[in-house]
Amino acid sequence: MIEVHLYGSLRCYAPDPRPDQESVARLEPQQGETLGTLLARLGIPPAEVYHVFLNGALLSTRNSMAPWLGYQQARGGVPNRDLGLDVPVRSGDRVGLFASDMALLVV
């Protein structure tokens, strides 16, 4: 099972988008599943995704300040700005998708 946690305006793609409900989609992975195919299955246009976390580490972001924020990187080095649509996802993975209305927190 892959858990996809949806934040900000992406909550509308959750199984139950009401604000008092959990905004998590749980999907069985398909053969050769990637982040791109996962977004397609959920009906989420990549243009609506601003930050992607994979298993608690920043995979990609459209925020040019991200390299200086100190987030753990899912793919060593500077996080990609291409959203990582080609990155494989597997059973047990937790994906966090943030819309542009959900800024990264600086701690």
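Structure's up top.
What counts, and where the lines are drawn
- All residue numbers here refer to positions counted from 1 along the written sequence of the relevant chain.
- Local features in a predicted model are, by the rule used here, given only for residues with pLDDT of at least 70; side-chain atom pairs are given and counted only at 80 or more, and totals for whole chains, interfaces and linings are based on all residues.
- For side-chain calculations, the full set of non-hydrogen atoms in the structure is used, while hydrogens and water are omitted.
- Only rings of Phe, Tyr and Trp enter the pairing, Trp through its six-membered ring, and a pair is recorded when the two centres are within 6.5 Å. The plane angle decides the type: under 30 degrees is stacked, over 60 is edge-to-face, the rest tilted.
- Secondary structure is summarised from DSSP: a helix means a run of H or I of at least four residues, a strand means a run of E of at least two, and numbering begins at the N terminus for each.
- Each residue's exposure class comes from its accessible area (1.4 Å probe, protein chains only) as a fraction of the maximum for that residue type: buried when under 20%, exposed when over 50%, partly exposed otherwise.
- Should DSSP find at least two bridges between two strands, the strands are regarded as paired.

1. Things to note about the packing of aromatic side chains
For any pair of aromatic rings, geometry is given as the distance between the ring centres together with the angle between the planes. In total, this model carries two aromatic pairs according to the counting rule given. Here Phe-53 and Phe-98 contribute two aromatic rings whose centre-to-centre distance is 5.6 Å and whose plane-to-plane angle is 65 degrees, an arrangement assigned as edge-to-face. Separated by 45 residues along the polypeptide, Phe-53 in strand E3 (residues 51-54) and Phe-98 in strand E5 (residues 94-98) bring together distant segments of the chain. By the burial criterion, Phe-53 is buried, and Phe-98 matches it. Each residue in the set Tyr-7, Phe-53 and Phe-98 is aromatic and connected to the rest through ring pairs, giving one cluster.

2. Quick look at the pairing of E3
The two faces of the sheet receive side chains in turn, since in a regular strand these alternate between them. Side-chain alternation along E3 places His-51 and Phe-53 on one buried face and Val-52 and Leu-54 on a second face that is also buried. By the bridge criterion, four bridges tie E3 to strand E4 (residues 57-61) in an arrangement that is antiparallel. Note that in E4 the partner of His-51 across the bridge is Thr-61. With antiparallel pairing between neighbouring strands as the criterion, E3 and E4 make up a hairpin whose turn holds two residues, including Asn-55 at a positive phi of roughly 55 degrees.

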